[in-house]
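Coordinates in review
Below are the chains, spelled out letter by letter.
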Number of protein chains: 2
Amino acid sequence: MSEPSPKPFAFHLDHTDGAARTGRIETPRGVIRTPAFMPVGTAATVKAMMPESVAATGADILLGNTYHLMLRPTAERIAALGGLHRFMNWKGPILTDSGGFQVMSLAGLRKLDEQGVTFKSHIDGSKHHLSPERSMEIQRLLGSDIVMCFDECPALPADRDRIAESMQLSMRWAKRSKEAFGERPGHALFGIQQGGLEEDLRAESAEALQEIGFDGYAVGGLAVGEGQEAMFGCLDHVPGQLPVDKPRYLMGVGKPDDIVGAVKRGIDMMDCVLPSRSGRTGQAWTRRGQVNIKNARHADDPRPLDADCTCPACANYSRAYLHHVFRSNEMISGMLLTWHNLHYFQELMQGMRDAISSNTFNAFEREFHAMREEGDIPPL
Amino acid sequence: MSEPSPKPFAFHLDHTDGAARTGRIETPRGVIRTPAFMPVGTAATVKAMMPESVAATGADILLGNTYHLMLRPTAERIAALGGLHRFMNWKGPILTDSGGFQVMSLAGLRKLDEQGVTFKSHIDGSKHHLSPERSMEIQRLLGSDIVMCFDECPALPADRDRIAESMQLSMRWAKRSKEAFGERPGHALFGIQQGGLEEDLRAESAEALQEIGFDGYAVGGLAVGEGQEAMFGCLDHVPGQLPVDKPRYLMGVGKPDDIVGAVKRGIDMMDCVLPSRSGRTGQAWTRRGQVNIKNARHADDPRPLDADCTCPACANYSRAYLHHVFRSNEMISGMLLTWHNLHYFQELMQGMRDAISSNTFNAFEREFHAMREEGDIPPL
């Protein structure tokens, strides 16, 4: 295993602008500039991208999925091959989720009890078990730099009792996760706050996590169907319940306007499959909103997707080309649009980091919404 | 249109070793080192590759398919967008086929007469027409650097009368192609020899083409199911029927051992979808023969596909990773294996060019076959 030298994991808060924050997470594998967007490399690849290209978009850190990797090729195999970084040729830090969320959304025939969860693989139906202890073991085998506690995330809407019970179970699992994680210099363990949209349950969860003590705090259980208004309502109070001096990670978010709203409310890290998934279905995200490259209006359009974007898709190709290769079902369609989308998301993060540093976040946010309201350039 | 400055098209024969030749084709868009292997960019993309990556493998020239491009996005559209080079972001020379071969192999409901061929698109069933004149027009609209005559290629086996008739039709079409092509400084027109496996028909065809006069001569109608022995038998006499001072292009070839055997017999240029198509189905071509990355023997193998290969797939990934991403149906599987295969094919060409230059082609060929006979490295 190519373990990095055990330097401490540290978060430096450099500047705030209202509730928005910018800073740096230092890890032995490199610095993560916050607010940070983490592209998702589910099965040891960010779909349609070479890892060098992901780095070129400005990504400092990737997310890997414990659930997928434990099933195929297995954590033990990845460990024997030198860890996830070497396996997938990504030199920067990697955050792994705990597997809990995907077990709930993907696996078949789940059985959940105090100990953990037993489930059937969505790939081949084989039986597997996850618990706080097993999740910590898998994430250690993968060589993850930022490890997530094993939690349960109930789908919303759910009644208050169900949310409270689930949150309390997740807090007991957080304690077991911390114990199983042990002392691993240079590696971080993040707790995950639960509590649905209930402010008091969120506060109870935040308190329980801080009592255990983590290197960072994630906001779990959002972006699960509650809608942006409810999510922002929750984010109006949640970051304030979490420590100022630790990174705050909003899991599974999101669309560009979700991201801007979350950063405005004090979130430091996010992840989402959206830019890569959209890229494979002909959807581009630009400063002017979404562009559906399938649309016939692009067939003869010699202009780039976004004339001000410096990504390869915009620098070297016309909308007409992007339309043609999408229609022709060519792989370069997903390759170019994913690259563009990841580039745009990272550029958005850089814009916010700059704006927070210069106390101009509100102006940045106004400009962001104004550009989107203008919409795509008119057809020729 | 970004037409290059009209410098002449020229072939320089630098060295021969037996019948094998090495040289340079000079075009306004760059030099093509021969023997040359041309990757195929059927629908304005070499599948699974960025054009910069294709260039990085050492390819000097791409092939584009007239049949596919005339149907989608259409030659007129590509012309309006500045030509095929700009459309697909390829700065080097492009050779386009005439469309004739694909009409025979892909289109539905063909009707062939002296004038040309009418057919239905395999994409949407729409009706189209190709003739020598229309093929020249399409290839001019695409901005092709090396234009191919419109010909008919009968499937083998076929009886001698059918082959003779077809060849004579192709020769009449070659004359019409030349007339329709006209004078286009900096652009080349290649004739296509036909005649099946009949030495005298091949000679008659070669003579007819030279009477018309072309910038290069292709060997058509091979690699259509006759087998390597029959193809080599034909290539034992065919190149000698063609002018010494013009490039000789064997269309649609082939596997590495086909390529080596063709170069040995005096062929200068080849093209084939094999490296990219194989790459998308988990097949890698190496100096030690074929490797099927799907095979379970690779699942735990930390070694690269080929330890001596410098392509990204070999430099940065284990066989275990390549196996995993193939099994997981991840796009990076096709991206990496296609890159490797194209890199290997170009390395093979460079090896042959070097060997011919130093009069060591026979030794090169022996070593090539010896390495393949050794086979893949043993499992761990």
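To start, this report covers the structure provided alongside it. If you're wondering where the values come from, they're calculated on a predicted model, not measured in any experiment. (Residues numbered from 1 in each chain as written. Chains lettered and ligands numbered in written order. Predicted model: local features only at pLDDT ≥ 70, side-chain atom pairs only at ≥ 80, totals over all residues. Heavy atoms only, no water.)

1. So, the interface of chain B and chain A
Stated precisely, the cut-off is as follows: Every residue pair with non-hydrogen atoms within 4.5 Å of one another is taken to be in contact. The term buried area refers to how much accessible surface (probe radius 1.4 Å) is lost by two components on association, counted for both of them together. Should a side-chain nitrogen of Lys or Arg be within 4 Å of a carboxyl oxygen of Asp or Glu, the pair is scored as a salt bridge. Distance and chemistry together define a polar contact, namely a pair of N or O atoms within 3.5 Å, with one atom able to donate a hydrogen and the other to accept it when in protein, and with adjacent residues in sequence counting only for side-chain atoms on both sides. Comment: elements are numbered from the N terminus, with helices defined as DSSP H or I runs of at least four residues and strands as E runs of at least two. Each residue receives one of three labels: charged for Asp, Glu, Lys and Arg, nonpolar for Ala, Val, Leu, Ile, Met, Phe, Trp, Tyr, Cys and Pro, and polar for the others, Gly being one of them.
Contacts between the two partners involve 39 residues from chain B and, on the opposite side, 38 residues from chain A. Contact between chain B and chain A buries roughly 3200 Å² in total, counting both sides, with carbon and sulfur atoms accounting for 61%. On the chain B side of the contact with chain A, Met50, His324 and Met331 of chain B bury the most area, a combined 19% of that side's loss. Taken together, the connections running from chain B to chain A amount to 4 salt bridges. Lys47 of chain B is paired through a salt bridge with Glu330 of chain A; the nearest N and O atoms lie 2.6 Å apart. Our count for the chain B to chain A interface comes out at 16 residue pairs in polar contact (both at pLDDT 80 or more). Where the side of chain B that touches chain A is concerned, the elements lending two or more residues are helix H1 (51-56), helix H4 (84-88), helix H13 (312-316), helix H14 (319-327) and helix H15 (331-357) of chain B. The residue inventory of the side of chain B that touches chain A, partitioned by class, reads 22 nonpolar, 7 polar and 10 charged.

2. Quick word on the relation of the copies chain B and chain A
Formally: Least squares is the method for superposing the copies, and the C-alpha atoms it fits come from residues with pLDDT of at least 70 in both.
Rotating chain B by 180 degrees about the axis while translating it 0.0 Å along that axis superimposes it on chain A, leaving an RMSD of 0.0 Å. Put plainly, the chains are arranged around a two-fold axis. Every residue of chain B has its C-alpha some distance from the rotation axis, and the shortest such distance is that of Met331 of chain B, at 3.9 Å.

3. What about unusual backbone geometry?
Cis geometry is found at the peptide bond from Arg72 of chain B to Pro73 of chain B, where omega equals 10 degrees. Mapped onto the elements, Pro73 of chain B comes out in the loop between helix H2 (66-71) and helix H3 (75-80). Between Val253 of chain B and Gly254 of chain B the backbone carries a cis peptide bond, its omega angle lying at -5 degrees. With respect to the element layout, Gly254 of chain B can be found in the loop between strand S13 (248-250) and helix H11 (256-264). Notably, Asn329 of chain A is not glycine yet its phi reads approximately 60 degrees, a positive angle. Along the chain, Asn329 of chain A turns up in the loop between helix H14 (319-327) and helix H15 (331-357). A positive phi angle, near 55 degrees, is found at Ala223 of chain B, a position not held by glycine. Turning to its location among the elements, Ala223 of chain B is positioned in the loop between strand S12 (216-219) and helix H9 (228-235).

4. Here's the deal with the packing of H14 of chain A against H15 of chain A
Residue and element names in this part refer to chain A. The cut-off we apply is this: What counts as an axis is a line fitted to C-alpha atoms, over the stretch in contact for a helix, and the angles between N-to-C directions run from 0 to 180 degrees. Roughly parallel means an angle under 35 degrees; roughly antiparallel, over 145; roughly perpendicular, 65 to 115; everything else is oblique. Two helices cross in a left-handed way if the nearer one is turned anticlockwise from the farther one by less than a right angle. They cross in a right-handed way if the turn is clockwise.
The interhelical angle for the contact between H14 and H15, taken along N-to-C directions, is 130 degrees, at an axis separation of 7 Å. One way to sum up the angle between H14 and H15 is to call them oblique. Pair H14 / H15 crosses with left-handed handedness. Together, Tyr321, Leu322, Val325 and Phe326 of H14 and Ile332, Ser333, Leu336 and Leu337 of H15 make up the contact between the two elements. Tallied by class, the residues present in the contact of H14 with H15 amount to 7 nonpolar, 1 polar and no charged.

5. What to know about the side chain of Asp301 of chain B
This is how the line gets drawn: Under the scheme applied here, a residue whose accessible area is under 20% of the maximum for its type counts as buried, over 50% as exposed, and between as partly exposed, the area being computed with a 1.4 Å probe on protein chains only.
Secondary-structure assignment places Asp301 of chain B in the loop between strand S16 (289-292) and H13. The exposure class of Asp301 of chain B is buried, given its relative accessible area of 1%. Within the structure, Asp301 of chain B has its side chain in polar contact with the side chain of Arg303 of chain B (distance 2.8 Å). The contact partners of Asp301 of chain B, leaving out residues within four places of it in the chain, are Leu81 of chain A together with Ser318, Arg319, Ala320 and Leu380 of chain B.

6. Structural notes on the sheet that holds strand S7 (residues 108-112) of chain B
Residues and elements named next belong to chain B. Note the following rule: When DSSP finds at least two bridges between two strands, those strands are taken to pair.
Pairing within the open sheet is antiparallel, and its 3 strands lie in the order S7-S8-S9. Strands at the two margins of the open sheet, each flanked by one partner only, are S7 and strand S9 (127-130). Sheet twist, expressed as the mean angle between neighbouring strand axes with direction ignored, is 20 degrees. Where S7 and strand S8 (residues 117-120) come together, 3 bridges link them in antiparallel fashion. Counted as the bridge partner of Lys111 is Thr118 from S8.

7. Some words on the packing of H11 of chain B against H15 of chain B
All names here are of chain B. Across the interface, H11 lies against H15 with an axial gap of 11 Å and an inter-helix angle of 25 degrees. Considering their axes alone, H11 and H15 lie roughly parallel with respect to each other. As for how H11 packs across H15, the hand of that crossing is right-handed. Contacts between H11 and H15 involve Pro256, Ile259, Val260 and Val263 on the former and, on the latter, Tyr344, Phe345, Leu348, Met349, Met352 and Ile356. Here the residues of the contact of H11 with H15 are counted per class, giving 10 nonpolar, no polar and no charged.

8. Considerations on the nonpolar core
This is how the line gets drawn: What makes a nonpolar core is a set of buried Ala, Val, Leu, Ile, Met, Phe, Trp, Tyr and Cys residues whose side-chain atoms join them at distances within 4.5 Å.
Of all hydrophobic cores here, the largest spans 104 residues; its most connected members are Leu84 and Tyr321 of chain A together with Leu84 and Tyr321 of chain B. Apart from residues lying up to four places away in sequence, Leu84 of chain B is in contact with Ala44, Leu69, Ile78, Asn89, Ile94 and Leu142 of chain B.

9. Notes on the sheet that holds strand S3 (residues 30-34) of chain B
Residues and elements named next belong to chain B. Spatially, 3 strands are ordered S1-S2-S3 in an open sheet, and the strand pairing comes out antiparallel. The open sheet has two edge strands with one neighbour each: strand S1 (10-17) and S3. Taking each pair of neighbouring strands and ignoring which way they run, the sheet shows an average axis angle of 15 degrees. Here strand S2 (residues 20-27) pairs with S3 via 5 bridges, running antiparallel. When the sheet's bridge partners are listed, Gly23 is paired in S3 with Thr34.

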